[in-house]
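# Structural overview
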Amino acid sequence: MSDEEHHFESKADAGASKTYPQQAGTIRKNGYIVIKNRPCKVVEVSTSKTGKHGHAKCHFVAIDIFTAKKLEDIVPSSHNCDVPHVNRTDYQLIDISEDGFVSLLTDSGDTKDDLKLPTDESLLKQIKDGFAEGKDLVVSVMSAMGEEQICALKDIGPK
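Residues numbered from 1 in each chain as written. Predicted model: local features only at pLDDT ≥ 70, side-chain atom pairs only at ≥ 80, totals over all residues. Heavy atoms only, no water.

## As for the pattern of salt bridges
- Under the criterion given, the structure shown has 7 salt bridges.
- A salt bridge links Arg38 to Glu147; the shortest N-O distance between them is 2.6 Å. You can see Arg38 sitting in strand β3 (residues 38-48) and its partner Glu147 sitting in strand β11 (residues 147-158), a full 109 residues away along the chain.
- Through salt bridges with shared partners, one network takes in Arg38, Asp64 and Glu147. (Salt bridge = Lys/Arg side-chain N within 4 Å of Asp/Glu carboxyl O. Helix = DSSP H or I, 4+ residues; strand = E, 2+ residues; numbered from the N terminus.)

Have a look at this one:
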């Protein structure tokens with residue numbers, strides 16, 4: 001054996017994949033699915049019967065979890081579909097900058113400054129109004145497939 005040391009350039013994040021395979025026939029309403037490379041929440045599933053020689057097919061109607069666009073897909077029920085790893089994390093809101101970015105406090109005490117305010121008008125108004133009133137706000141951030149977005153807001157009382 002050689003005594004050389006090997007150095008590897010690592011560009012992966014611990015080998016964690018952005019999606020995992022799941023059989024199309026087992027994906028249910030309110031589950032998640034990847035359609036056209038977008039993470040979506042399933043709002044409707046219908047399964048057609050098999051033809052003379054064919055497979056049963058699943059017809060998915062889903063809504064993109066970040067853009068709220070409706071997407072559809074038809075997949076044979078025996079085939080695998082990609083399902084995104086979806087995480088929700090709560091952060092405390094510290095500040096809103098003039099350029100539309102928010103400053104959030106993580107559980108470890110660090111700040112997270114790379115998130116923009118949500119595009120949803122009512123949520124945006126709730127965040128801005130609550131922050132202007134000096135309330136302690138906790139925002140829920142949904143992340144999937146390398147994207148993150150504020151999706152909900154909780155008021156934990158005055159500062």
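So much for the structure itself; the text now carries on.
## Regarding a negative patch on the surface
- A contiguous patch of negative charge on the surface is contributed by Asp95, Glu98, Asp99 and Asp113.
- With respect to the secondary-structure elements, Glu98 resides in the loop between β7 (87-96) and β8 (101-105). (Patch = residues over 30% accessible without salt bridge, like charges linked within 9 Å, V, L, I, M, F, W, Y side chains within 5 Å. Areas by Shrake-Rupley, 256 points an atom, 1.4 Å probe, with all protein chains shown as cover. Lys, Arg positive; Asp, Glu negative; His and termini not counted. Charge placed at Lys NZ, Arg CZ, Asp CG, Glu CD.)

## Overview of the nonpolar core
- If you look at the biggest cluster of nonpolar residues, it comprises 14 residues, and the most contacted ones within it are Leu93, Val102, Leu104, Ile127, Val139, Val141 and Ile150.
- Elements with a minimum of two residues in this core: β7, β8, α1 (121-132) and β10 (135-144).
- Here Ile150 is in contact with Val102, Leu115, Lys116, Pro118, Leu123, Ile127, Val139, Ser140 and Val141, once residues within four sequence places are set aside.
- If you look at the next biggest cluster of nonpolar residues, it comprises 13 residues, including Val42, Cys58, Phe60 and Val83. (Core = buried A, V, L, I, M, F, W, Y, C linked by side-chain atoms within 4.5 Å. Buried < 20%, exposed > 50% of the residue type's maximum accessible area, 1.4 Å probe, protein only. Contact = heavy atoms within 4.5 Å.)

## Section: the sheet that holds strand β5 (residues 70-76)
- Reading across the sheet, the 4 strands line up as β2-β3-β4-β5 and stay open at both edges, with antiparallel pairing between neighbours. Each end of this open sheet is capped by a strand with a single partner; those strands are β2 (32-35) and β5. When strand polarity is set aside, the average angle formed by the axes of neighbouring strands in this sheet is 45°.
- Summarising the sheet, strand β4 (residues 57-64) and β5 pair through 7 bridges and their orientation is antiparallel. Paired with His59 across the two strands is Ile74, which belongs to β5. (Pairing = 2+ DSSP bridges. Axes fitted to C-alpha atoms, helices over the stretch in contact; angles between N-to-C directions.)

## What about the side chain of Ser77?
- Among the structural elements, Ser77 can be located in the loop between β5 and β6 (80-84).
- Its relative accessible area of 17% is what places Ser77 among the buried residues.
- Once you skip the residues sitting within four places of it in the chain, Ser77 turns out to touch Gln23, Ala24, Gly25, Ala56, Lys57 and Cys58.

## Observations concerning the environment of Ala132
- Residue position: Ala132 is located in helix α1.
- Among the residues examined, Ala132 registers a relative accessible area of 67% and is labelled exposed.
- Along the backbone, Ala132 and Ile96 are 36 residues apart, and their C-alpha atoms lie at a distance of 9.8 Å.

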